[in-house]
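# Remarks on the overall topology
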Amino acid sequence: MPTLAARIDGDNRNTHGAIERSVVMKLISVSVGLPREVTWHGRTVQTSIWKKPVESRVHVATLNLDGDQQSDLSVHGGVDKAVYVYPSEHYPFWQSELPGADLPFGAFGENFTSEGLLEAEVQIGDRLRIGTAEFIVTQPRMPCFKLGIRFERPDLVKRFLQSRKTGFYLAVQREGEVTAGDLIELIERSKSGVTILDVTNLYASDSQIQELLRRASELPPLPAGWRDSFRQGLGARAGRRG
């Protein structure tokens, strides 16, 4: 199957400069949820990982969707994590990995369940239009213990990262409205060449691929914490050479 980059190379631009693609990308489901308290290992934890699909059009603001709210803002939410996207293509994998689990769209805490956007193809800095809103791809999702709470499987956090089926976050560049069934339009392809999967691999495998580290460390759409981490990796590698 051709990659997103390969498909785009053969695409044309329309009169508005947008990239016309032969493969349809689509918003399958829109889900929102508010914080709730749950008991986990004898303590009370607040989480917003439980999401429910919304049938009507939803307004997308700079920090979140209407009806959606993050719980722990020290690790969730903010401008760079306003919207979480998860590919629908991963659901069959998890159905086989988690037999008996209830897996409606939104089960992994995502706001957008997508079709046609995969981690190995989507690049940091890609700009997307969905409905009347516009977004930029910022970073992969790094799972926390609340994913384990959601499925009552503490080991799922590790398995989720190992699978590399992480999904990714979007920052909102233009507020608007979205609804399930909207097409997803790639309006500008990032020139970085750094995919969501690349960043996850750099994080999860402690990769020291110098050129990839350099490119990732210089990506403005990638949040500062990620870039600083990759610069440290470059520095450590240079120190070993010295």
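Residues numbered from 1 in each chain as written. Predicted model: local features only at pLDDT ≥ 70, side-chain atom pairs only at ≥ 80, totals over all residues. Heavy atoms only, no water.

## Quick notes on the overall build of the protein chain
- Looking only at helices and strands, the protein chain features seven helices and 14 strands.
- Expressed as a percentage of its 242 residues, the buried residues of the protein chain come to 50%.
- Considering only contacts within the protein chain whose residues lie at least 6 apart along the sequence, 72% involve residues at least 24 apart.
- Accessible surface computed for the protein chain: about 11,600 Å², of which carbon and sulfur atoms make up 50%. (Helix = DSSP H or I, 4+ residues; strand = E, 2+ residues; numbered from the N terminus. Buried < 20%, exposed > 50% of the residue type's maximum accessible area, 1.4 Å probe, protein only. Contact = heavy atoms within 4.5 Å. Areas by Shrake-Rupley, 256 points an atom, 1.4 Å probe, with all protein chains shown as cover.)

## Re the packing of aromatic side chains
- Going through the model one piece at a time under the given rule, you end up with 15 aromatic pairs.
- Here Y91 and F108 contribute two aromatic rings whose centre-to-centre distance is 5.3 Å and whose plane-to-plane angle is 70°, an arrangement assigned as edge-to-face. Placement of the pair is Y91 in helix 2 (residues 91-97) and F108 in the loop between helix 2 and strand 9 (112-115), with a sequence separation of 17 residues.
- Exposure remark for Y91: the relative accessible area of 3% places this residue in the buried category.
- Under the relative-accessibility criterion, F108 is labelled buried at 0%.
- Relative to F151, the ring of F108 lies with its centre 5.4 Å away and its plane at 40°, an arrangement referred to as tilted. Remark: F151 occurs in helix 3 (residues 145-151) and F108 occurs in the loop between helix 2 and strand 9; sequence separation between them is 43 residues. Assigned by exposure class, F108 and F151 land together as buried.
- Put simply, the rings of Y84, Y86, Y91, F93, W94, F105, F108, F151, F160 and Y169 touch in pairs and so form one group of aromatic residues.
- Across the ring face of F151, the terminal group of R150 is positioned such that the distance to the ring centre comes to 4.9 Å. (Phe/Tyr/Trp six-rings, centres within 6.5 Å; stacked < 30°, edge-to-face > 60°. Lys NZ or Arg CZ within 6 Å of the ring centre and 35° of its normal.)

## Observations concerning unusual backbone geometry
- Even without being a glycine, H41 presents a positive backbone phi close to 55°.
- Its relative accessible area of 65% is what places H41 among the exposed residues.
- Despite not being glycine, R164 has its phi angle at roughly 65°, a positive value.
- Mapped onto the elements of the fold, R164 is located in the loop between helix 4 (156-163) and strand 12 (168-174).
- Classification of R164 by relative accessible area gives partly exposed; the value is 23%.

## Some thoughts on helix 6 (residues 210-217)
- Three or more residues of helix 6 are buried, namely L212, L213, A216 and S217. Buried residues of helix 6, viewed axially, fall in a sector of 130°; they line one side. (Arc of directions from axis to C-beta.)

## Concerning the pattern of salt bridges
- All chains considered together, the criterion is met by 15 salt bridges.
- Here E134 ties to R129 by a salt bridge, and the two come within 3.2 Å at their closest N and O atoms.
- For R129, a relative accessible area of 27% translates into the label partly exposed.
- Among the charged side chains, a network of salt bridges with common partners joins R127, R129, E134, R174, E185 and E188. (Salt bridge = Lys/Arg side-chain N within 4 Å of Asp/Glu carboxyl O.)

## Overview of the sheet that holds strand 9
- Spatially, 6-3-9-8-12-11-10-14 is the arrangement adopted by the eight strands of the open sheet, whose pairing is mixed. The sheet is open, and its two edges are formed by strand 6 (52-53) and strand 14 (184-188), each paired on a single side.
- Relative to strand 11 (residues 133-140), helix 5 (residues 196-204) is tilted by about 25°, and along the sheet it contacts strand 11 and strand 12. (Pairing = 2+ DSSP bridges. Axes fitted to C-alpha atoms, helices over the stretch in contact; angles between N-to-C directions.)

## Some points on the confidence of the model for the protein chain
- Across the protein chain, the average pLDDT comes to 86, with 83% of residues at 70 or higher.
- Across residues 5-21 the pLDDT falls below 50, and counting only partners more than four positions away or on other chains, this stretch makes 31 contacts in the model.
- In this model residues 237-242 is a low-confidence stretch, pLDDT under 50, and it forms four contacts with partners more than four residues away in sequence or in other chains. (pLDDT = per-residue confidence, 0-100.)

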